[in-house]
Amino acid sequence: MATKQPRTLSFHFQPADSAAGDDANPHAKKTTLVDDTVAALKQEFGDDVLEVVQYAGERTVRVTTARIVDICRFLRDNLGFTYLCDLGGGDRFTEDERFEVHYNIVNMDAGKRIRIKVRTEEESPVVPSVTSVFPAADWNEREAWDMFGIRFEGHEDLRRMFMPEDFEYHPLRKEFPLLGIPGSLPLPPQVPTGELTLDPFPRAHGSIPPNSFDEVESEEEN
Amino acid sequence: MANDSSLSEGFLTTRVDAVVNWARSNSLMPMPMGLSCCAIEMMAFAAPKYDVARFGSEAMRFSPRQADLMIVAGWVSYKMAHTIRRVWDQMADPKWCIAMGACASTGGMHRCYGVVQGVDNFLPVDVYVPGCPPRPEALIHALMDIQEKIRNEYSVGQDGDFGTDHPAIAPVRPKVLSPSGDDVITPGGLYNQ
Amino acid sequence: MSIIQTTDFKETLKFWPRHNEAIYRRLESKHSWIEENPHGDGSPVDPLHNEMVLNIGPQHPATHGVLRCAVQLDGETIQKSVLDIGYLHRGMEKLAESKTYQEFMPYTDRMDYLSPYSNNVAWCLAVEKVAGIEVPERAQWIRMMMSELARISAHLLWMGVGLMDAGAVSVFLWAFQLREDLYAIFDEVAGARLTVSHSRIGGVVTDVDDTGMAMIREFTETFPVAHAGWIKLLNRNRIWIDRNVGIGVMTKEDAISRGMTGPNLRGSGIQHDIRRFEPYLKYDEVDFNIPLREEGDALARYFIRMEEMMESIKIVRQCLDKLQTLKGPIRANDAKHSYPSKDEVYYSMEGLIHDFMYTDTGTCPPKGGASYHAIEAPKGELGFYIESDGTGSPARVKMNTPSFTNLQGLEHLLEGALMGDMVILIGTVDPVLGESDK
């Protein structure tokens, strides 16, 4: 029997210089190479197109907040970007222009995808609503209101999306703690006729809900 | 036969208890509070391969008035907790509760603002099933545990605690010894006041 | 008298009074395209000409999850409807900001829990795009094959539950019988039935061995037989067709403007599938059709989903054939971007250190990098928009989930429908509330 050869591991560590930011990103798609669309936007809106960021083959166009509705209408009617794919808020956590909203719009026929961004301030963040151009923006804007507190002017029904209306905070802001604020969301009462439980961990603090509950005696006699 | 009143524990009542408990345990009607992924495993537990009908729980009743076992399957958000409690209150006695999965038992992997960290914060849970999601066999095991619990109940005899309010039981904290090992010191903090 | 005027929400409800008041206020003030009954002026209310507000609460027998609808009914017709979601809200986007990219993988399993493998792949692809990681070929084929099996699993559950809600309970049992076969495959290949987390950033965790391949091949033989049986039963079934034809018609313009996605879009005649629009994995190298229908009603979506299941089998067969011959690594060989193999971890110092570092810090995409990657999940377009701040955890993750966008369309579909069709409508839009509520 031949002696057992020691195992050699084929282990080569090659720190790859990943072309993350280029158009040569391994996952870059042809649909996001929309330089012609960016050029058309710049030509139509001039100074309102503030910044164009290229990353991983995508184009993100930052525009002035006041003109977002016009820009969306131009994209939809003139450039064929009829489908609003996504709309979301963001918290940059900077002193200046803290919140941002991004719009992900698709041209199905020509196979194009572009991202538009707007920024707004912290004190009273207001962004014009694009529901008149893209009705699909409806719930997404409500979600941005719920999570960040960004008001959308012109949205006909700006209610909270996920949290109940009684909740007073905006959870996705960076200063909101991950575990929440005790008492902001009450739990049900421990007995059916009791008061709402404000403690988020009543069980750990010794309060065990009783299994059977005797009905409270009513005043009336049968 | 006992000399006391007919409702206290005696030969006849234990026989009646046995029959009643046998009937109750073998015909549990689950109310599936199926919220999320555990609900899919609960559907699998009712499906042909892990058939729960052979345990008598074929009739999944979605109306709380007709059910006696509530299986909370999935994470409970604070918004949903009140609905679940309301449904629980509408169920008639005797009723039992299974907290299925890690999320219903303790909040699971979702340690965040939206999820109640364990359904036992507002519901009296009888059996907790660990798993994320628990296999249908684990849920069947939980069902069998509930059946075992039912078989040991006092249904007819009044010697049990049936119907009385349970006072809040403070959890037993481990004793903390001083560095020398002699005395027991009372640590400060939120839980020791 | 409106429900807002006659109810003092703080008195009647102990919980969420402002929330419920807001819902009913919205219901009242909503402008519906359905002609409303003109209100009388002070004359006694005739019960036959009165509108009823019904709350179809978060807990209901329709098994699609915790969705609440407040509807205003005129007899059996729904005039206005307001959907209330958020009963399954966890704050996933906030959770993502405190986990590393790899740690977040199990959370994606629990989003669309009918096809967890798809969500894993979507997250992996999104992270790989933002960090610029190249995935080896064999891993891409494995991911594609398992994603298509997950698509079949999701559509099977749609079929079983949709038909059970409509009354045909046997279909539920047949669907689950086949789903158990799929679960056995996932168990063998990935180690878990439902919450698989088999994908890793940079590839997959383990290779598919011969047992797994044999099980998948057997599934591709038994599934079409069962599928043919259901087609024979349902496709020309008078009752099923009558319940679905003309229900929930979504016109082409409406579907695009309301942002519907997935089979809902293709049922209205719009040829838009991310597998063809922005091909990912190896979808541009396999041969499959995208089913398309023009009518836009529930029956069209039913046909599309049934056909999509057979197209997925086609793709799985091609993947199996390819995987027989294609050998290679199943994870990227870059220690900064993906886990080393277990051999390396156990038998070499560098491997151990890399494993530890990867678990501790993980992939760090360049600071300021932000990108979006979408896949065609069974429900529609599932995309993750990731903004990176140079650390191992993302700065912002926005999940574009198909069920969220489809539910907006459901509100529109409900108006004008009959109460009895509501279950069919929810089934045809096929929401998964865990994904829609993030």
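As the structure is a computational prediction, the values presented were derived from the model and not from experiment.

1. Comments concerning the overall build of chain A
Next, step 1: Scanning chain A from terminus to terminus reveals three helices and seven strands.
Next, step 2: Out of the 222 residues belonging to chain A, those deemed buried represent 41%.
Next, step 3: Counting only contacts in chain A whose residues sit at least 6 apart along the sequence, the fraction spanning at least 24 positions is 46%.

2. Description of the packing of helix H8 (residues 169–190) of chain C against helix H9 (residues 210–234) of chain C
Residue and element names in this part refer to chain C.
Next, step 1: At a minimum axis distance of 9 Å, the contact between H8 and H9 shows a crossing angle of 165°. By the angle class used here, H8 and H9 are roughly antiparallel. Seen from above, H8 lies across H9 with left-handed handedness. Along its contact with H8, which presents Trp-174, Leu-178, Asp-181, Ala-184, Ile-185, Glu-188 and Val-189, the element H9 presents Thr-211, Gly-212, Met-215, Ile-216, Phe-219, Phe-223 and Ala-226.

3. Some remarks on the environment of A:Ala40
Residue and element names in this part refer to chain A.
Next, step 1: With respect to the helices and strands, Ala-40 occurs in helix H1 (residues 35–45).
Next, step 2: Residue class for Ala-40 comes out partly exposed when judged on the 15 C-beta atoms lying within 10 Å of it.
Next, step 3: Separated by 38 residues in the primary sequence, Ala-40 and Asn-78 place their C-alpha atoms 9.9 Å from one another.

4. Describing the interface of chain C and chain A
Next, step 1: Listed per partner, the contact involves 57 residues of chain C and 48 residues of chain A.
Next, step 2: Sort the elements by how many residues they give to the side of chain C that touches chain A and helix H6 (residues 116–131) of chain C lands first, with five residues.
Next, step 3: A breakdown of the residues in the side of chain C that touches chain A according to their chemical character gives 19 nonpolar, 18 polar and 20 charged.

5. Some points on helix H3 (residues 137–148) of chain A
Next, step 1: With twelve residues, H3(A) extends 16 Å from end C-alpha to end C-alpha; this agrees with the ideal 16 Å at 1.5 Å per step.
Next, step 2: Burial runs high along H3(A): eleven of the twelve residues are buried.
Next, step 3: If you check which residues of H3(A) are buried, you get A:Ala137, A:Asp138, A:Trp139, A:Asn140, A:Glu141, A:Glu143, A:Ala144, A:Trp145, A:Asp146, A:Met147 and A:Phe148.
Next, step 4: Check the buried side of H3(A) and you find it contacts strand S3 (83–91), strand S4 (99–107) and strand S7 (151–153) of chain A together with helix H17 (402–414) of chain C.

6. Things to note about the interface of chain C and chain B
Next, step 1: Contacts between chain C and chain B engage 29 residues on the former and 29 residues on the latter.
Next, step 2: Put simply, the parts of the chain that give the side of chain C that touches chain B at least two residues each are helix H4 (92–96), helix H5 (105–109) and H8 of chain C.
Next, step 3: With four residues, the top contributor of residues to the side of chain C that touches chain B is H8(C).
Next, step 4: Looking at side-chain class alone, the side of chain C that touches chain B contains 15 nonpolar, nine polar and five charged residues.

7. Notes on H9(C)
Residues and elements named next belong to chain C.
Next, step 1: With 25 residues, H9 extends 36 Å between its outermost C-alpha atoms, agreeing within 8% with the 36 Å of an ideal straight helix rising 1.5 Å per residue.
Next, step 2: All of the buried residues in H9 are Gly-212, Ile-216 and Phe-223.
Next, step 3: Looking at the packing, one finds that the buried side of H9 touches H8 and helix H14 (298–325).

8. Digging into the sheet that holds strand S2 (residues 58–63) of chain A
Residue and element names in this part refer to chain A.
Next, step 1: Pairing is mixed in the open sheet, where five strands are placed in the order S1-S2-S5-S4-S3. The open sheet terminates on both sides in strands that have one partner only, identified here as strand S1 (49–55) and S3. Taken pair by pair, the neighbouring strands of this sheet meet at an average axis angle of 20°, ignoring direction.
Next, step 2: Where S1 lies against S2, six bridges are found, and the strand directions are antiparallel. Across the sheet, the residue bridging to Tyr-55 is Glu-58, located in S2.

9. With respect to the confidence of the model for chain C
Next, step 1: On average, chain C scores 91 in pLDDT, and the residues at 70 or more come to 95%.
Next, step 2: What the predictor reports for the complex is a pTM of 0.89 with an ipTM of 0.90.

10. Some points on the packing of H6(C) against helix H7 (residues 137–166) of chain C
All names here are of chain C.
Next, step 1: One can describe the packing of H6 onto H7 by two numbers: an axis separation of 7 Å at closest approach and a directional angle of 140°. If you check the angle between H6 and H7, you find them oblique. Judged by residue contacts, Pro-116, Tyr-117, Ser-118 and Val-121 of H6 engage Arg-143, Met-146, Ser-147, Ala-150 and Arg-151 from H7.
Next, step 2: Tallied by class, the residues present in the contact of H6 with H7 amount to five nonpolar, two polar and two charged.

11. Structural notes on the nonpolar core
For soluble globular proteins, the rule of thumb is that nonpolar side chains tend to be buried together.
Next, step 1: In terms of nonpolar packing, the biggest core is built from 218 residues, with B:Val72, B:Val76 and B:Met100 touching the most fellow members.
Next, step 2: Structurally, this core is a two-domain feature, drawing no fewer than three residues from each of domain 1 (3–84) and domain 2 (92–400) of chain C.
Next, step 3: Discounting residues that sit within four places of it in the chain, B:Met100 has contacts with B:Cys38, B:Met42, B:Ile71, B:Val72, B:Ala73, B:Val129, B:Pro134 and B:Leu139.

What counts and what doesn't
Residues numbered from 1 in each chain as written. Chains lettered and ligands numbered in written order. Predicted model: local features only at pLDDT ≥ 70, side-chain atom pairs only at ≥ 80, totals over all residues. Helix = DSSP H or I, 4+ residues; strand = E, 2+ residues; numbered from the N terminus. Buried ≥ 20, exposed ≤ 12 C-beta atoms within 10 Å, placed from the backbone. Contact = placed C-beta atoms within 7 Å. Axes fitted to C-alpha atoms, helices over the stretch in contact; angles between N-to-C directions. Parallel < 35°, antiparallel > 145°, perpendicular 65-115°, else oblique. Left-handed = near helix turned anticlockwise from the far one by under 90°. Nonpolar A, V, L, I, M, F, W, Y, C, P; charged D, E, K, R; others polar. Expected span 1.5 Å × (residues − 1). Pairing = 2+ DSSP bridges. pLDDT = per-residue confidence, 0-100. Core = buried A, V, L, I, M, F, W, Y, C linked by C-beta atoms within 7 Å. Domains from an automatic or database assignment.

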